[in-house]
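# Chains, contacts and geometry: an overview
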Amino acid sequence: MAYEAIQYEVREGVAILTLNRPTKMNAFNDVMFREWMDALDRAEADEAVRVVLWRGAGTKAFSTGFDISPEAGRIGGSPPDRTPEQSRMSAERSIRYGMRIWDYPKPIIASVAGYCLAVAHEFVQLCDLVIAADNAMFGEPEIRHHSGPPIMITPYIVGLHKAKELLLMGDTIDAHAAEKLGLVNRVVPLADLEKESMRVARRLALVPALSLKLNKKAINNIWEQSGLREALTHNAGLVAI
């Protein structure tokens, strides 16, 4: 499959998947979603790939979430004619994409520069490790558009009160604040982001693949015992309302 909205390469056992719509702040449209899923399937099937490194093109934005421009496709925005059922289906589709990350048998590292907002922020929280540049900004601004996050993962990552602050106020926070909340693993200078992200990816690639797969599943099961999957499914109905 030839890609137009992403870039894909394999280097030293690491599949590097780059969201490649920098003029649109790497916002997701239907084409990008399809290609992103295809690239993840491709990396999973490739035995030479041990780790996936996920990033955005340029330094202004990892991704600002859905592309809500009219030409972006129906998944991206909230057109005036969208019915509650269509909104629910869109939220459920976002959850399926997010759980693809969550259930992925190989580690996924998010390498974040610039803005990481809305559904992109939710996807990043479902990754296994997050390396952020010092210019990164994180946020869930959906409430400012009379909406809500389609993937309600934030309370599981940062805890109840901080989650409410982020989700009910819609403010953005910088990389260092995100690190304190546990949203990212580490913050590095922008100039060092690629080097550090690849260093971590290469280190993970040295761990036996089966050990990575089983330990990731074991860790995720802890969250699932607290009702993660059920909570995400229930949230799709609230988004429709």
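Attention in this report is confined to the structure presented alongside it. For clarity, every value in this text was computed on a predicted model and none was experimentally measured.

So, how was this worked out
Residues numbered from 1 in each chain as written. Predicted model: local features only at pLDDT ≥ 70, side-chain atom pairs only at ≥ 80, totals over all residues. Heavy atoms only, no water. Pairing = 2+ DSSP bridges. Helix = DSSP H or I, 4+ residues; strand = E, 2+ residues; numbered from the N terminus. Axes fitted to C-alpha atoms, helices over the stretch in contact; angles between N-to-C directions. Contact = heavy atoms within 4.5 Å. 1 Å grid on protein atoms, 1.4 Å probe; cavity = no way out; pocket = protein on both sides within 12 Å on 5 of 7 lines; lining within 4 Å. Points joined across faces, edges and corners; volume = space filled by probe spheres on them. Nonpolar A, V, L, I, M, F, W, Y, C, P; charged D, E, K, R; others polar. Buried < 20%, exposed > 50% of the residue type's maximum accessible area, 1.4 Å probe, protein only.

### A look at the sheet that holds strand S6 (residues 115–117)
- As summarised here, the arrangement of the four strands in space is S4-S6-S8-S9, forming an open sheet in which the pairing is mixed. The sheet is open, and its two edges are formed by strand S4 (61–63) and strand S9 (172–174), each paired on a single side. Direction aside, the axes of adjacent strands within the sheet are offset by 20° on average.
- Pairing geometry for strand S8 (residues 137–139) and S9, over three bridges, is antiparallel. Of the residues in S9, the one forming a bridge with Gly-139 is Thr-172.
- Contacts between helix H3 (residues 118–125) and the sheet are confined to S4, S6 and S8, with S6 contributing the most and set at about 90° to the helix.

### Some thoughts on empty space enclosed by the protein
- Evaluated as defined, the whole model comprises one cavity of 30 Å³ or more.
- Here the largest cavity is characterised by a volume of approximately 30 Å³.
- Secondary-structure elements contributing two or more residues to the lining of the largest cavity are helix H1 (30–45) and strand S3 (51–56).
- Here the lining of the largest cavity is composed, by residue class, of seven nonpolar, no polar and no charged.

### Some points on the environment of Glu-92
- With respect to the secondary-structure elements, Glu-92 resides in helix H2 (residues 84–102).
- Classification of Glu-92 by relative accessible area gives partly exposed; the value is 27%.
- Residues Glu-92 and Ala-120, 28 residues apart in the sequence, show an inter-C-alpha distance of 15 Å.

Bear in mind that shape data such as this cannot, by itself, settle questions of function.
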